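# Chain and residue survey
Here's the letter readout for the chains.
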Amino acid sequence: MDELKACTDYHYEYRDSCLMCFSETWFKSTDSPHTSKIEGFACERMDRTLDSNKLTGGGVCAYVNKRWCTDIKVKHTVSSPDIELLTISLRPFYLPREFNQIFITVVYIQPKADVNIASSKIAEITQNLELKSPDSLKLILGDFNNCQLESTLPHYHQYVNIPTRGDRTLDKCYGNVADGYNAYNKAGLGASDHDMVHLMPKYKQKLKQKKPSVIKVKQWTKENTDTLRACLECTDWAVFMDSNEIDETTEAVSAYINFCEDLTVPEIERKFYPNNKPWITKEIRNLLKQKVLAVENNDVQEKRKIQREITRLIKHGKRKYGKQIEDNFSLKDPKKAWKGLKTITGCGLKNRTFNIAPEKLHDFANELNVFFGRFDVADFSDLNTDICRTFESNASTENAIQLSLQTVENALKKFKANKAKGPDGISGKTLKMCYKELSPVFREMFQWSLDAHHIPKLWKSSNVVPIPKIAKPSAWNDYRPVALTAIVMKCFESIVKELLLTHTKIFADPCQFAYCTKRGVDDAVTTLLHNIQCHLDQPKTYVRTLFFDFSSAFNTLQPHKLVQKLQNMHVNPHLCLWISDFMRARPQRVKIRTSFSDLIFTNTGAPQGCVLSPVLLLCTPVTLIVTVNLALLLSTPMTLP
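Presented here is an overview of the structure given in this document. Computed from a prediction, not measured in an experiment: that's the story for all the values here.

### What to know about the overall build of the protein
Looking only at helices and strands, the protein has 21 helices and 18 strands in total. The C-alpha radius of gyration computed for the protein amounts to 34 Å, which surpasses the reference 26 Å derived for 641 residues by more than 25%, pointing to a less compact arrangement than a globule. Oriented by its inertia axes, the alpha-carbon framework of the protein measures out at about 105 × 85 × 45 Å. For the protein, with 641 residues in total, the buried portion stands at 40%. For the protein, contacts bridging at least 24 residues in sequence account for 69% of all contacts bridging at least 6. Side-chain charges of the protein comprise 86 positive and 71 negative groups, with the mean position of each set lying 5 Å from the other.

### Considering the packing of helix 7 (residues 282–296) against helix 8 (residues 300–330)
One can describe the packing of helix 7 onto helix 8 by two numbers: an axis separation of 9 Å at closest approach and a directional angle of 160°. It follows from the interaxial angle that helix 7 and helix 8 lie roughly antiparallel. Of the two possible hands of crossing, helix 7 and helix 8 adopt the one that is left-handed. Counted together, Glu283, Ile284, Leu287, Leu288, Gln290, Lys291, Ala294 and Val295 of helix 7 and Glu302, Lys303, Ile306, Gln307, Glu309, Ile310, Leu313 and Ile314 of helix 8 form the full contact between these two elements.

### So, the sheet that holds strand 6 (residues 102–108)
Pairing in this open sheet of six strands is mixed, and the strands run 4-5-6-7-9-8 from one edge to the other. Unpaired on one side and paired on the other, strand 4 (72–79) and strand 8 (157–158) mark the two borders of the sheet. Strand direction decides the pairing type here: strand 7 (residues 137–143) and strand 9 (residues 171–175), joined by five bridges, are antiparallel. The partner of isoleucine 140 across the bridge, within strand 9, is tyrosine 174.

About the thresholds
- The residue numbers shown here count from 1 along each chain, following its written sequence.
- Predicted model: local features are reported for residues with pLDDT of at least 70 only, side-chain atom pairs are reported and counted for 80 or more only, and whole-chain, interface and lining totals are derived from all residues.
- To obtain the side-chain values, all non-hydrogen atoms of the structure were included, while hydrogens and water were left out.
- To qualify as a helix, a DSSP run of H or I must reach at least 4 residues; to qualify as a strand, a run of E must reach at least 2; elements of each kind are numbered from the N terminus.
- Our radius of gyration looks at C-alpha atoms and nothing else; its globule reference is 2.2 Å times the residue count to the power 0.38.
- Only protein chains enter the accessibility calculation, which uses a 1.4 Å probe; a residue is then buried when its area is under 20% of its type maximum, exposed when over 50%, and partly exposed in between.
- By definition, residues are in contact when any of their heavy atoms lie within 4.5 Å.
- Only four residue types enter the tally: Lys and Arg on the positive side, Asp and Glu on the negative side; His and the chain ends are excluded.
- Here the site of a charge means NZ on Lys, CZ on Arg, CG on Asp, or CD on Glu.
- Under this scheme, a helix contributes an axis fitted over its contacting stretch, all axes are lines through C-alpha atoms, and angles between N-to-C directions fall in the 0 to 180 degree range.
- Oblique is the label for every angle not falling under 35 degrees (roughly parallel), over 145 degrees (roughly antiparallel), or within 65 to 115 degrees (roughly perpendicular).
- What makes a crossing left-handed is the near helix being turned counterclockwise from the far one by less than a right angle; a clockwise turn instead makes it right-handed.
- Each pair of strands is called paired provided DSSP finds at least two bridges between the two strands.

Honestly, it's all geometry; don't read function into it.
See the structure below:
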């Protein structure tokens, strides 16, 4: 203690340290607090008790610099033959915004201790801290001897990479932040046979790691929306219908709608900082600015008043945000439930980025585009032509499809406004807010497309966004192609989907659960278990189950086989011709950040991301046959010989 007090008096490395942690302090419970007192530091001790079965030495403690932190609370203390442990929580005067507090766990594990019990106890305490405060910084340090935490706490990082006793590293520091500290050797105190470890911060706060992102968003207000509606309502759409080419009309209408939106709905820039908390609202940010002004004006009363309001709003925002995440699990919405789970655990695709140089993005996108279109190798144009001729001979005015204005209105009104824009640039917000004004023109264009059995090129175009399946993709197959198509086309597809289901619903397999309304994974598992258990109730029986996984099922659909299947289902010939055109000559390009690949055309497969693709997949012969075979396999009695 005399040497330690001298070091804190004359060495800045000790005097300016935020924390000094010691294992085997040799303090006893009978010692007075004055024994461990050091000027300028607060001491938290966990002295060895009789429960440890070791009477001499032992005990752990932590010295906290009062200039750094005064809010100190003891959370856990353990004294047993296998481990001695002290956990304290700290709320320093300053912390990076991404951390709300710090938990320090000081441990001593003697050489003869049961390392499994010791590591399990540390893991149990650490997991409780994770549940209570997932955003906090957690450090576990001390003399571990033979104990290792890599298996019990796999997500924690060990910072001490230098020998601390002889050529062995017995003293370690684990933390939940990668690259948190650099470790340096210091001479041991007194007669200690362990070197001291000086940990210097290596971590950079998120605000310095990454620049704030600036995005432009549309400022949708009631006034702007009313102005856009008025602009579209007074438009003479008949002017656009004078052309005899549906492709020209589609491009003209799309360009005009985008022009009206840009004219009436202004764009504003929003800056997002990487360390922003989701409960920090605009009102809180304004109060923080007012607090800075109050400090500059030396207005103490105003500063205290603003601080109380900031504290109240932050507590309210945290409760509201926590309740929102909890409600996601009680709602019957799997998407929101998974989003809440990823928010809590911090697991997501945020680290799955493209480590490609900007000048090589175009070549990389071209190679990826060719890979995604690799299934379009066979030429089925003759077969498609013959099948289309058959349908054209059967198509007549009597069985022509007629769309009502109300049907189009409902499709535009029900569509989600937060869908990403497609190649046409029309936003889902515009379609949803102005569905009454846009329904007449889109009803005519949809009807024109059905009558002509032709889909405009702009509506069939796809911007394919490759989504990495793993954190570090190493092959082309590690990317999942998700196609962004025109939102107007998605609304059109939803109408066609309902028309198609009226013909194909009676042919649906009862054992089909994917892509079916009001059916999901729970129904599939329940049905499978019921069939198996009913069969196993019979004496001397067993069950064999075979599971299939079709590779690139969406990408291998062949238009001529699909249309033949629809013909066997007695689907309307006009609808079959429209679907045949929907599947063929689809423009496709890959988009990575702001870089686009060259355009290619595909005649095989249905894009992943279209509304019709899952329904068309279920109509293919392969899927139905395999589903029936699986059902027969489960229902066929298998008697032991």
